[in-house]
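# Coordinate analysis (summary)
Below are the chains, spelled out letter by letter.
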Amino acid sequence: MIQIKEIADKSTWEKFNLTSANPTFLQSWAWGDFQNSLGRDVYRLGIYKDKNLVGISLLGEEKAKIASFLYCPGGLVLTNWSREFLNPWLSYVGEIAKEKNIVFLRIDPRILKDSDRALLKNLGFVAAPEYTQPQCTATIDLTKSEEELRHNLSDSTRYNINAGERKGVKVREGRQDEIGIFLNLLKETAERKTLILPKEASYHANQFDRLAKEGLMRLFIAETGSQALSATLLVSYAGTVYYLHAANSLQQKDLRASYSLVWNIILEAKKAGNKRFDFWGIAPSADPKHSWAGVTNFKLSFGAERVCYDTPFDLPYKTSYQISKLVEIWRKPLRKILRFGG
């Protein structure tokens, strides 16, 4: 017998997610708390078979002028993809959608088998018109020795790291009350690159506050003297460290402080026992005209390898889904969004 129930126990949720095949912080309990702090309704649903937990799904309501939708970032998380589990889950979620006047459901499991994709299509899902999370990322295997990691750096990156150290660039972990340093650099970066920041003014500060308290997020700063030149917010979850948000200043740009920053946090991630470093977002190809070409070359220069994921899937509930889909397709070439965390 299959039952769908809301999970109220954090340890039950985290144990299942952390021991799943592809655990992600986007389905963590803390990420749900953060989404809730933004004023979004959050649902933590468990799929039970004969009282055994076989699946979880963190769902958040995304409100938009064109169409409000339910979003399951990095999930569902299932022991296996089957109609036996999905049909009752879809029925339960459908009732939520009806109550909340939701236009469509979007799931984003990232890694699927051909049979899983076929099942979703048979259940009425269609490929989403856009990636909500980055389509591709770049990862580094932290089980390699420090010597191997250094060897895999490009010549120019190795030079920039060494030059930064010689010229006095220091990297340190920031305190909880120093989030303002990152926010100031972020504002400068956004203005310089005409990036669109999240509509919630306190998005990053709130994210740092919530996730840092749970031990998931850390702030690192590269500086010379007392001047901050580069900063990043890292997320650590299930043996992977994510380079989630980064910001830089053009002041003393000849020091290339971001190279020293990234190299130091890679070493810090390895020292802490993590298995993988995830740069969280690069271009899907080496196309020099892609808007992310510069940042992609930067990330790959650290010896990272490109990894690309499945498209998200949408389940339309209303005919107005087609309008929202067209709007999303139209906006796609114009999007330069600094936030990749949902």
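Going by the structure above, here's the rest.
Residues numbered from 1 in each chain as written. Predicted model: local features only at pLDDT ≥ 70, side-chain atom pairs only at ≥ 80, totals over all residues. Heavy atoms only, no water.

### Quick look at the pairing of strand 3 (residues 52-62)
Strand residues, when the strand is regular, have side chains that alternate between the two faces of the sheet. Under the convention used in this document: Throughout this description, buried means an accessible area under 20% of the type-specific maximum (1.4 Å probe, protein chains only), exposed means over 50%, and partly exposed covers the range between. We count a stretch as a helix when DSSP gives it H or I for four or more residues in a row; a strand needs E for two or more, and each element gets its number in order from the N terminus. Strands are treated as partners if at least two bridges between them are detected by DSSP.
Within strand 3, 10 of the 11 residues are buried, which leaves it mostly tucked inside the rest of the structure. Judged from the 8 bridges that link them, strand 2 (residues 42-49) and strand 3 form a sheet pairing that is antiparallel. Paired with Gly46 across the two strands is Ile56, which belongs to strand 3. Counting the residues that bridge the hairpin from strand 2 to strand 3 gives 2 residues, and of these Asp50 lies at a positive phi of roughly 50°. The pairing of strand 3 with strand 4 (residues 69-72) spans 3 bridges and is antiparallel. Bridge pairing in strand 4 links Glu61 to Leu70. Two successive antiparallel strands, strand 3 and strand 4, enclose a turn made up of 6 residues.

### Concerning a negative patch on the surface
Here is the rule we go by: Without a salt bridge and with relative accessible area above 30%, a residue can belong to a patch; like charges are then joined within 9 Å and nonpolar side chains (Val, Leu, Ile, Met, Phe, Trp, Tyr) within 5 Å. Per-residue and other accessible areas were derived by the Shrake-Rupley procedure at a 1.4 Å probe size, with only the shown protein chains allowed to occlude residues. Salt bridge, as used here: a side-chain nitrogen of Lys or Arg that lies within 4 Å of a carboxyl oxygen of Asp or Glu. Charge assignment in this entry is limited to Lys and Arg as positive and Asp and Glu as negative, and neither His nor the chain termini are counted. Think of each charge as sitting on NZ of Lys, CZ of Arg, CG of Asp or CD of Glu.
On the surface, Asp141, Glu146, Glu147, Glu148 and Glu305 cluster together into a negatively charged patch. Ranked by the residues each element gives to the negative patch, the list is headed by helix 5 (residues 146-151), at 3 residues. Considering the arrangement of structural elements, one finds Glu148 in helix 5. Glu148 sits in the partly exposed class, given a relative accessible area of 41%.

### Brief notes about the packing of aromatic side chains
Under the convention used in this document: Note on aromatic pairs: the rings of Phe, Tyr and Trp (six-membered ring only in Trp) are paired at centre separations within 6.5 Å, and the planes decide the class, stacked below 30 degrees, edge-to-face beyond 60, tilted for the rest. Definition used: whenever NZ (Lys) or CZ (Arg) falls within 6 Å of the ring centre and also within 35 degrees of the ring normal, the charge is taken to sit over that ring.
Using the criterion set out here, one finds 17 aromatic pairs in the structure. Ring centres of Phe104 and Tyr321 lie 5.1 Å apart, and the angle between their planes is 65°; this geometry places the pair in the edge-to-face category. With a gap of 217 residues between them, Phe104 in strand 6 (residues 104-107) and Tyr321 in helix 11 (residues 321-331) connect regions that are remote in the sequence. Classification of Tyr321 by relative accessible area gives buried; the value is 2%. Plain terms: the ring middles of Phe279 and Phe302 are 6.0 Å apart, the flat faces sit at 40° to each other, and that makes the pair tilted. Here Phe279 is found in the loop between strand 13 (276-278) and helix 10 (293-300), whereas its partner Phe302 is found in the loop between helix 10 and strand 14 (305-308), with 23 residues between them in sequence. An identical accessibility class is assigned to Phe279 and Phe302; each is buried. Through a chain of ring-to-ring contacts, three or more aromatic side chains come together here, namely Phe25, Trp31, Phe34, Tyr203, Tyr242 and Trp280. Sitting over the face of the ring of Phe69, Arg106 holds its NZ or CZ atom 5.6 Å from the ring centroid.

### A closer look at the environment of Arg276
Stated precisely, the cut-off is as follows: Note on contacts: a residue pair qualifies if any of its non-hydrogen atoms lie within 4.5 Å across the two residues. Between N or O atoms, a polar contact is any pair within 3.5 Å; within protein, one atom must be a potential hydrogen donor and the other a potential acceptor, and residues adjacent in sequence are included only when both atoms are from side chains.
Tracing the sequence through the fold places Arg276 in strand 13. For Arg276 and Gln176, which are 100 residues apart along the polypeptide, the C-alpha to C-alpha distance reads 25 Å. With sequence-adjacent residues up to four places away left out, Arg276 is seen in contact with Thr139, Ile140, Leu142, Gly239, Thr240, Val241, Tyr242 and Tyr309. Polar side-chain contacts of Arg276 include one of 3.5 Å to the side chain of Thr240.

### Describing the state of the cysteines
The term disulfide refers to a covalent linkage connecting the sulfur atoms of a pair of cysteines. Selection rule: Disulfides are defined as pairs of cysteine sulfur atoms found within 2.5 Å of each other.
On inspection of all chains with the given rule, the structure shows 1 disulfide. The disulfide partner of Cys136 is Cys308, and the gap between their sulfur atoms is 2.0 Å. Given an S-S torsion of about 105°, the disulfide between Cys136 and Cys308 has right-handed geometry. Within this pair, whereas Cys136 is found in strand 8 (residues 136-141), its partner Cys308 is found in strand 14, the two being separated by 172 residues in sequence. Given the relative accessible area of 0%, Cys136 is considered buried. Of the residues examined, Cys308 reaches a relative accessible area of 41% and is grouped as partly exposed.

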